[in-house]
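# A look at the structure
Chain by chain, the residues run as shown.
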Amino acid sequence: NSTVLSSMLNLALIKRTLPPSLLRRSFHSPSVQRSYATETKCHHFPLTTFTEEEESVRSAVRDWATNTLRPRVREMDNHSQICPNIVNDLFTHGFMGLEIPEEMGGMGLGFTSACLAVEEIARVDPSVAIMVDIHNTLTINAIRFWGSSLLKEKWLPRLATDTISSFALSEAGSGSDAFAMKTKATFDDKRHCYVLNGSKLWISSAKEAGVFLLFANADPSKGYKGITAFLVDANTEGVEVGKPEKKLGLRASSTCPITFDNVVVPPENVLGTVGLGYKYCINILNEGRIGIAAQQIGIAKGCLDIAMPYLNERKQFGTNIGSFQGMQHQYAQIATEIHAAEVMMYNACRLKEAGLPFVKEASMCKLYSSQIAERTASKTIEWLGGIGFTQDLLAEKFYRDVKVGSIYEGTSNIQLQTIAKLIQLEYH
């Protein structure tokens, strides 16, 4: 009936429909879905409708990004550095500990909340968004899932309050073929410790990081089954972070080489089990790809935030250019594609949170969102005309920032390969 349809489409009505006890819980959990279905005689819930908690996160991040971050974006891009005050703000507002339990200083929220935060920040500055994304969806979650009690107690409170993390996987000879890494972890029986030697490349947030989630091979004779994950304090002797790369986009985000020269780490710094690092890496990158999709969707929406007001104000031949049918068809198509990417991404979030298979959907949304974001950024430059080609607006920055979306955390070809394999299995 019309009441049910309205409640499904309007968050406010949904909040009035559900009892307070349900509002405090995730709508996507089976028990809440059953209760919702009973209350509304409806059996499904819109993918892009969020809990009161998630809406609060989105609103808080959007306000901060608009009022605090936006005025610093051009300056940080020009200086190729994220302002320390911005980093401090990320911690102060809780954006760096979204899924860390409250008792350890975090917000105790879900994965969808983390992706909402990444999307809203990327809508203003993708460089800051990637720092937040890697920190929350990769490093913190890896520690939460596989870290010992000792590692959780040592690092999670710090990661929630004052310490940036970095994910150290790629090397000069191991990009898409990540497990071809040469960095070694040799166990020293006399000192009862691991000694790390090797180099990493293209490591995001390396300059600011206080801890690295490092992948190294503890037993090369076993091939990739020797790969082990370590948490390495950035201040450990022998760790050297090189100069940041000069990049096309995401310039404020530091991307650096790291050298590990006889770096001594105790056995308790091993994340999980020795030799299972390859499994942890695969699993955490699968969900990390959803975070990248959130960043790409944020970029696409940020482009429309610039383009649409211009199209409605700019007049040619006595008419707003946004009113020409040729233009209308273009931005209607782009908006439709952005919405499709958004639905794909939040579906992947819900699957992940529900403990259901999501690898194919994660690859799909990462692949598609990067394609749509790049197309949106390009179209935005065209729609803006000459001013879009200048630094008067941030459109050109989005155009530069978006390209890496088809490269990092699994190239588009790797996503296609993953999707194809999983589709083959479905029809086997």
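What you see is a predicted model; the values in this text were computed from it and never measured. (Residues numbered from 1 in each chain as written. Predicted model: local features only at pLDDT ≥ 70, side-chain atom pairs only at ≥ 80, totals over all residues. Heavy atoms only, no water.)

## Thoughts on the pairing of strand β4 (residues 211-217)
- Counting buried residues in β4 gives 7 out of 7 residues, a clear majority hidden from the surface.
- Here β4 shows two buried faces, one formed by V211, L213, F215 and N217 and the other by F212, L214 and A216.
- When β4 meets strand β5 (residues 227-233), the two strands line up antiparallel, connected through 7 bridges. Residue L214 lies in a different strand from β5, and its bridge partner there is F230. (Buried < 20%, exposed > 50% of the residue type's maximum accessible area, 1.4 Å probe, protein only. Helix = DSSP H or I, 4+ residues; strand = E, 2+ residues; numbered from the N terminus. Pairing = 2+ DSSP bridges.)

## Examining helix α9 (residues 126-146)
- Compared with an ideal rise of 1.5 Å per residue, which puts 21 residues at 30 Å, α9 spans 29 Å between its outermost C-alpha atoms and is within 8% of the ideal.
- Residue I140 marks the point of greatest curvature in α9, where the axis turns by about 30 degrees.
- Extensive coverage of α9 is indicated by the burial of 18 of its 21 residues.
- Two or three places before S127, at the start of α9, stands the capping residue D125, its side-chain oxygen 3.0 Å from that residue's backbone nitrogen. (Expected span 1.5 Å × (residues − 1). Bend = angle between axes of the 7 residues up to and from the residue. Polar contact = N/O pair within 3.5 Å; in protein donor to acceptor, adjacent residues only side chain to side chain.)

## Considering the nonpolar core
- Among the nonpolar cores identified, the biggest contains 68 residues, and L69, L90, I121, V128, I290 and M345 are the most heavily contacted of them.
- Per-element tally for this core: the top contributor is helix α11 (residues 277-313), with 11 residues.
- Ignoring any residue separated from it by four or fewer positions in sequence, one finds M345 in contact with C115, E119, I290, A293, A294, I297 and C365.
- Among the nonpolar cores identified, the runner-up in size contains 30 residues, and L138, A160, I227 and A229 belong to it. (Core = buried A, V, L, I, M, F, W, Y, C linked by side-chain atoms within 4.5 Å. Contact = heavy atoms within 4.5 Å.)

## Some details on the packing of aromatic side chains
- What the rule picks out here adds up to 11 aromatic pairs.
- A ring pair is formed by W64 and F95, whose centres lie 5.7 Å apart and whose planes are at 70 degrees; its orientation type is edge-to-face. In this pair, W64 sits in helix α5 (residues 52-69) while F95 sits in the loop between α7 (84-92) and α8 (111-122), placing the two residues 31 residues apart along the sequence. Here W64 matches F95 in class, with each residue buried.
- Both rings, one in W146 and one in Y280, keep their centres 4.7 Å apart while their planes meet at 25 degrees; by these two values the pair is stacked. Of this pair, W146 sits in helix α9 while Y280 is found in helix α11, placing the two residues 134 residues apart along the sequence.
- A connected cluster of aromatic rings, assembled from ring pairs, spans F145, W146 and Y280. (Phe/Tyr/Trp six-rings, centres within 6.5 Å; stacked < 30°, edge-to-face > 60°.)

## Some remarks on the pattern of salt bridges
- As enumerated under the stated definition, the model contains 25 salt bridges in all.
- R375 serves as the salt-bridge partner of E337, at 3.3 Å between the closest nitrogen and oxygen. Taken together, the positions of E337 in helix α12 (residues 325-353) and R375 in helix α13 (residues 359-384) put the pair 38 residues apart, joining distant regions of the chain.
- For the salt bridge of E374 with K403, the shortest nitrogen-to-oxygen distance reads 3.1 Å. Within this pair, whereas E374 is found in helix α13, its partner K403 is found in the loop between α14 (395-402) and α15 (412-426), the two being separated by 29 residues in sequence.
- Sharing partners across several salt bridges, the network here consists of R58, R62, E119, E120, R123, K301, D305 and E342. (Salt bridge = Lys/Arg side-chain N within 4 Å of Asp/Glu carboxyl O.)

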